[in-house]
Amino acid sequence: MTIYRINPDRMNYQLLTISSEEVISKLGKHYPFHIDPTPKPYASIWKPLEVSFYDSTSGKKKTKLPDIIIDHGRLFLNKAGTNALSALIEADGEILPVVFGEQHGVIFNSLKSAEDFDAIDTKLSIKNDWGDLQSLAFFEEKIDSTVLFKCQFDGFTGLFCNDVFKTAVEQTELNGVIFSVDLGNIFPPDQSARKLAEH
């Protein structure tokens, strides 16, 4: 089994944003869902949030909305993404409804962490003198039954998956994310550089 970090494909698709005003008005001040990546449940107090998307590139010309995208270690899924993946991921967290414009989607809130399974390889997982993540490794056999999970070692900001999830996304041709085996690198791989290298 291989574990992947899921990164947003920010060069080709818009990114998700949720306003503080929306979160406070729907969930209250004590539930900063949009900025707190900690894996804790929200289903009991959840009211569907209005989310939006923005172009993070300098050209500001991307109009494509993603089928799925990562934000604060959580996974947004549009209708196609929800239909394709919800049965696969529901055991690993909560599927929370959201709206964007006239459309409906969900945010998957992962409630499992690698630490729950004692799956962090502490010899290979390293932070630098400033506390920044340098490398991250898991004992894959300890977490092989979990499709999506987070980890405290990176501040719960990343979302990680196994081969089963990656294959499901690729077979259903969902767009908006990039998978990387460089688990400690919080920045998405540069797909344009890879395409140039292939030519």
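Remember, it's a predicted structure, so these values are computed and weren't measured experimentally.

Draft legend 1. Focus on unusual backbone geometry. Of note in the backbone geometry, His 72 takes a positive phi value of approximately 50 degrees without being a glycine. In this structure, His 72 sits in the loop between strand 5 (68-71) and strand 6 (74-77). Positive phi values are uncommon outside glycine, yet Asp 118 reaches one of about 55 degrees. With respect to the helices and strands, the residue Asp 118 is situated in the loop between strand 8 (103-110) and strand 9 (126-127). On the accessibility criterion, Asp 118 (54% relative accessible area) is exposed.

Draft legend 2. Structural context of the sheet that holds strand 7 (residues 93-100). Pairing in this open sheet of five strands is mixed, and the strands run 3-7-8-6-5 from one edge to the other. At either end of the open sheet lies a strand with only one pairing partner, and these are strand 3 (49-50) and strand 5. Note that strand 3 and strand 7 share two bridges and pair parallel. The residue of strand 7 that forms the bridge with Glu 50 is Val 99. Against the sheet, helix 2 (residues 79-89) engages strand 5, strand 6, strand 7 and strand 8, with an angle of about 130 degrees to strand 6.

Draft legend 3. Looking closely at the sheet that holds strand 11 (residues 148-149). Read across the open sheet, the four strands follow the order 11-12-1-13; overall the sheet is antiparallel. Across the chains shown, the open sheet's two edge strands, defined by having one partner strand only, are strand 11 and strand 13 (177-180). Here strand 1 (residues 4-8) runs beside strand 12 (residues 160-161); their pairing, made up of two bridges, is antiparallel. Bridge assignment links Tyr 4 to a residue of strand 12, and that residue is Cys 161. Packing of helix 3 (residues 163-171) onto the sheet brings it into contact with strand 1, strand 11, strand 12 and strand 13, and relative to strand 13 it is tilted by some 145 degrees.

Draft legend 4. Region of the structure containing the side chain of Thr 146. Within the secondary structure, Thr 146 is located in the loop between strand 10 (133-135) and strand 11. Take Thr 146: its relative accessible area is 1%, and that puts it in the buried class. In this view, Thr 146 contacts Asp 92, Lys 112, Phe 117 and Asn 162; residues no more than four positions away in its chain are not counted.

Draft legend 5. Quick peek at the packing of aromatic side chains. This model, assessed by the stated rule, comprises 11 aromatic pairs. For the pair Tyr 4 and Phe 179, a centre-to-centre distance of 6.2 Å together with 75 degrees between the ring planes defines the contact as edge-to-face. Here the residue Tyr 4 occupies a position in strand 1, and Phe 179 occupies one in strand 13, the gap between them amounting to 175 residues. With centroids separated by 5.6 Å and ring planes inclined at 80 degrees, the aromatic side chains of Phe 53 and Phe 100 adopt a geometry described as edge-to-face. Of this pair, Phe 53 sits in strand 4 (residues 52-54) while Phe 100 sits in strand 7, placing them 47 residues apart in sequence. Take Phe 53 and Phe 100: they sit in the same class, and that class is buried. Residue placement shows Lys 64 over the ring face of Tyr 13; its charged tip is 5.0 Å from the ring centre. A cation over a ring is seen here: Lys 127 above Phe 153, with NZ or CZ 4.8 Å from the ring centre.

Draft legend 6. Geometry of the pattern of salt bridges. Here the structure, examined in full by the defined rule, presents six salt bridges. Two residues, Glu 22 and Lys 26, come together in a salt bridge whose shortest N-O distance is 2.5 Å. Of this pair, Glu 22 and Lys 26 both sit in helix 1 (residues 20-27), four residues apart, which is roughly one turn of that helix. Taking the relative accessible area as the measure of exposure, Lys 26 reaches 27% and is therefore partly exposed. Note that Lys 166 is salt-bridged to Glu 170, the shortest N-O span being 2.7 Å. Within this pair, Lys 166 and its partner Glu 170 are both found in helix 3, separated by four residues, close to a single helical turn. Exposure remark for Lys 166: the relative accessible area of 18% places this residue in the buried category. Judged by its relative accessible area of 44%, Glu 170 is partly exposed.

Parameters at a glance
- Residues numbered from 1 in each chain as written.
- Predicted model: local features only at pLDDT ≥ 70, side-chain atom pairs only at ≥ 80, totals over all residues.
- Heavy atoms only, no water.
- Helix = DSSP H or I, 4+ residues; strand = E, 2+ residues; numbered from the N terminus.
- Buried < 20%, exposed > 50% of the residue type's maximum accessible area, 1.4 Å probe, protein only.
- Pairing = 2+ DSSP bridges.
- Contact = heavy atoms within 4.5 Å.
- Axes fitted to C-alpha atoms, helices over the stretch in contact; angles between N-to-C directions.
- Phe/Tyr/Trp six-rings, centres within 6.5 Å; stacked < 30°, edge-to-face > 60°.
- Lys NZ or Arg CZ within 6 Å of the ring centre and 35° of its normal.
- Salt bridge = Lys/Arg side-chain N within 4 Å of Asp/Glu carboxyl O.

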